[in-house]
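Residue strings, one per chain:
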Amino acid sequence: MISIHRFGTWSGFSGLFVMLLVTGCQDLTEINRNPNELTDDKVNPAYVLTSVISGSATELTDLTFAGNVTQKLVPDAMQYTQRDFLEYSITNQFAWAPLSFDYRGLHQPLSNAAYLETRAPGNPDSLFIKGTAKVMQAFWFGMHSSMWGDIPYKEAFRGTANLQPAFDAQKDVFAGIIADLEEANTDLQKAGAVSSAVMKKADILYGGDVLKWRKFANSLHLRYLLRLSEKAADMTAAGINVSADFTKMIADPVKYPIITAATDNASVGFPGTNTIDSWPLGPLITTGESEFYRVKAASTVVDYLKIRKDPRLTIWFRPVEVQTLVRDRGADVVIAKDAAGAVKRYVKTYIAGTDTSLYVGLKIALSDPDSYNNNNAAHRAQAVALGSGIYDGGAANPFVSYLGTMYRANTSPLVKSTFISASEVNFMLAEAAVRGWLSSDAWTHTAAGISASLEQYGVAAGDAKVYNPITHATEAFQPVTFLSALEKEFKAAADPLELVMQQKWLASFSTMEGWFDWRRTGFPDIGKNVQNGAMGEKIPVRYIYGESELNYNAASTNSAISRLTPATNEQWSKMWLIQGTSKPW
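Please read these numbers as outputs of a predicted model, since none were measured by experiment.

Draft legend 1. Looking closely at the overall build of the protein. Helices and strands together make up the secondary structure of the protein, namely 23 helices and 11 strands. Accessible area for the protein stands at about 22400 Å²; split by element, carbon and sulfur atoms hold 54% of it.

Draft legend 2. Molecular detail of the packing of aromatic side chains. Throughout the structure, instances matching the rule amount to 39 aromatic pairs. Here Trp 279 and Tyr 407 contribute two aromatic rings whose centre-to-centre distance is 6.2 Å and whose plane-to-plane angle is 45°, an arrangement assigned as tilted. With Trp 279 in the loop between β4 (266-269) and α13 (289-293) and Tyr 407 in the loop between α16 (377-386) and β9 (416-420), the pair connects residues that are 128 residues apart, well separated along the chain. Ring centres of Tyr 407 and Phe 509 lie 6.5 Å apart, and the angle between their planes is 55°; on these two criteria the pair is classed as tilted. Placement of Tyr 407 in the loop between α16 and β9 and of Phe 509 in the loop between α20 (496-507) and α21 (513-521) is noted, with a sequence separation of 102 residues between them.

Draft legend 3. Seen up close, the pairing of strand β10 (residues 464-467). As judged from the three bridges shared by β10 and strand β11 (residues 474-476), these two strands associate in the antiparallel manner. Looking across to β11, one finds that Tyr 467 is bridged to Thr 474. What sits between β10 and β11 in their antiparallel hairpin is a turn of six residues, with His 472 showing a positive phi close to 65°.

Draft legend 4. Seen up close, the environment of Thr 50. Among the secondary structure elements, Thr 50 is positioned in helix α3 (residues 45-66). Given a relative accessible area of 23%, Thr 50 falls into the partly exposed group. As for Thr 50 and Met 199, which are separated by 149 residues in sequence, their C-alpha atoms are 9.0 Å apart. Among residues more than four places away in sequence, those in contact with Thr 50 are Ala 202 and Ile 204.

Draft legend 5. Geometry of unusual backbone geometry. For the bond from Phe 523 to Pro 524, the omega torsion is -5°, close enough to zero to count as cis. Mapped onto the elements of the fold, Pro 524 is located in the loop between α21 and α22 (547-552). Put simply, Thr 565 and Pro 566 share a cis peptide bond, and its omega is -5°. For Gln 79, which is not glycine, the phi torsion reads 65° and is therefore positive. Following the sequence through the fold, Gln 79 ends up in the loop between α4 (74-77) and β1 (81-83). Judged by relative accessible area, which is 0%, Gln 79 ranks as buried. For Asn 373, which is not glycine, the phi dihedral falls at a positive 60°.

Draft legend 6. Summary view of the sheet that holds strand β6 (residues 323-326). What the three strands build is an open sheet, ordered β6-β8-β7; its pairing is mixed. Unpaired on one side and paired on the other, β6 and β7 (333-337) mark the two borders of the sheet. Strand-to-strand, the axes of this sheet are offset by a mean angle of 30°, without reference to chain direction. Relative to strand β8 (residues 343-347), β7 is paired through five bridges, and the arrangement is antiparallel. From the neighbouring strand, Val 333 faces β8, where its bridge partner is Val 347. In the packing of α16 onto the sheet, contacts are made with β7 and β8, and the angle to β7 comes to roughly 15°.

Draft legend 7. Main features of the packing of helix α14 (residues 299-307) against α20. Contact geometry for α14 and α20: axes closest at 12 Å, N-to-C directions at 115°. In this view, α14 runs roughly perpendicular relative to α20, as classed from their interaxial angle. Remark: the crossing between α14 and α20 carries left-handed chirality. Only Gln 502, Gln 503, Trp 505 and Leu 506 of α20 make contact with α14, whose side of the interface consists of Thr 300, Val 301, Tyr 304 and Leu 305. A breakdown of the residues in the contact of α14 with α20 according to their chemical character gives five nonpolar, three polar and no charged.

Draft legend 8. Seen up close, the pattern of salt bridges. Within this structure, the stated rule accounts for 30 salt bridges. Here Lys 130 makes a salt bridge to Glu 183, at a shortest N to O gap of 3.0 Å. Residue Lys 130 is found in helix α7 (residues 126-148), and its partner Glu 183 is found in helix α8 (residues 170-191); the two are separated by 53 residues along the sequence. The closest approach of N and O atoms between Asp 355 and Lys 306, which form a salt bridge, is 4.0 Å. In this pair, Asp 355 is assigned in the loop between β8 and α16 and Lys 306 in helix α14, connecting sequence segments 49 residues apart. Here Asp 355 and Lys 306 have matching classes, each one buried. It is possible to trace a salt-bridge network through shared partners that takes in Glu 230, Glu 431, Arg 435, Lys 504, Asp 517, Arg 520 and Lys 583.

Draft legend 9. Seen up close, the packing of helix α10 (residues 210-227) against helix α17 (residues 422-435). Direction vectors running N to C along α10 and α17 enclose 40°, while the axes themselves pass 10 Å from each other. In terms of orientation, α10 and α17 fall into the oblique class. The chirality of how α10 crosses α17 is left-handed. Touching Ser 219, Leu 222, Arg 223 and Leu 226 of α10 are Glu 424, Val 425, Met 428, Glu 431 and Arg 435, all from α17. Its residues assigned to classes, the contact of α10 with α17 comprises four nonpolar, one polar and four charged.

What counts, and at which threshold
- Residues numbered from 1 in each chain as written.
- Predicted model: local features only at pLDDT ≥ 70, side-chain atom pairs only at ≥ 80, totals over all residues.
- Heavy atoms only, no water.
- Helix = DSSP H or I, 4+ residues; strand = E, 2+ residues; numbered from the N terminus.
- Areas by Shrake-Rupley, 256 points an atom, 1.4 Å probe, with all protein chains shown as cover.
- Phe/Tyr/Trp six-rings, centres within 6.5 Å; stacked < 30°, edge-to-face > 60°.
- Pairing = 2+ DSSP bridges.
- Buried < 20%, exposed > 50% of the residue type's maximum accessible area, 1.4 Å probe, protein only.
- Contact = heavy atoms within 4.5 Å.
- Axes fitted to C-alpha atoms, helices over the stretch in contact; angles between N-to-C directions.
- Parallel < 35°, antiparallel > 145°, perpendicular 65-115°, else oblique.
- Left-handed = near helix turned anticlockwise from the far one by under 90°.
- Nonpolar A, V, L, I, M, F, W, Y, C, P; charged D, E, K, R; others polar.
- Salt bridge = Lys/Arg side-chain N within 4 Å of Asp/Glu carboxyl O.

Now the structure itself:
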């Protein structure tokens, strides 16, 4: 992967080191120059595009699902998952640590995308290169600003010419991103077909399909307009009419095509052939099982799915290895096999707090998640003695649901890194309709968003994927029945936006979007589920600037911190996007 370290903070250190090296050893530098070295300007930009896409998929996956407890914070905060065994206070109870822009190469896809744009002039596919580079920069600038707040933008990527760039106000960052996406759509429209076969092959996202890249660009544009929905008045001064611009784009699908079908999702799979291209939680990369098993299903999402008989429950999560049932088998607790040969735990009388479902999620921010659902060593030992396939290593809890088996594979067609999806776009249209920006029917868009998410996870009519929480049987999926029940719920809602955002939160599983939407709208109302959080029912609203920013660009970083509310570098301080909105708390 090409790495052009130019994001200002980390590069301040590396750039200074390089300058000292060159100043003191100029003759050695000349002597040691390799005449056969392939300099970066000789590298085909097609391979840089591959690096940008693959690097983006890797870094995004670490943030949204598979990274360590410094990176992967949102799934637990948004109550998709909870952690036990080790380090759960960091994720479940929000003791978040600082995270730098450059941590484990987080800055590289953005840096490489900026470099890719410089390689566009003179290339036969210059407009395609420029357009795709701008799209990926917009994606990452939007991600970084949404995570931290103010970030380097206008002065970023100047290398040694500016090792301490200013942090732009978030309003200006988003204004610039929106302008870049408008330009990217125009460039890609003018580009026509990609001429280079190498470029088509190097584009591991869309294979050189210009129309799909335009859909990606415009869908991102809509995402960021909605992200500014609570700041529309402030954006007017920047020449952006949030609602009118959104409406204008939807009214002109020829000029602004968008992603509405799951087949056009901006997502990248993992081939799973080696440690470079495998899903991070698969055995090629995560060799020890404990790291995988300590990430459990969260009760919030499990219960929401169970109540609505949603088939995604059985795809995302596994049934408990040992179900607890209230049955009098003589002793107070009996571990035995049932008639079908499945190991069960039978309790004579119901114990308060015990979950007898086949799908059990950890409650949110527990002080002792390891013991949840009466998990204890004696019961586990008996269960393992009867069922050799029951996991009994670190983080074992056979009475709580683990992640689905596809998340432990090196590759799966259903496990991808998703930049933006048709499901998200359809939910954006639904929200816009609820807000009155569009005249179309909000439920129609909502149903399309749900259907696109089901398609994304391979759910089809008749599939035996629906868990019945009463009978514990797995039943065939009936789309009409499923959507009809949700439509009734939608039409009966006091605030239709709440159901739209609940379903969007659900479809945002394994992405960051549920967090960004929750901060902006307050939906879904999940703070009430937090049982032992660091700040009561509050959930963090930003990542914390890291050591690189504070050590190597202190003045700019501290200036950015001063614009937070309160002006402290912590996860509870509100960035401009949500200042003065009383949301999410």
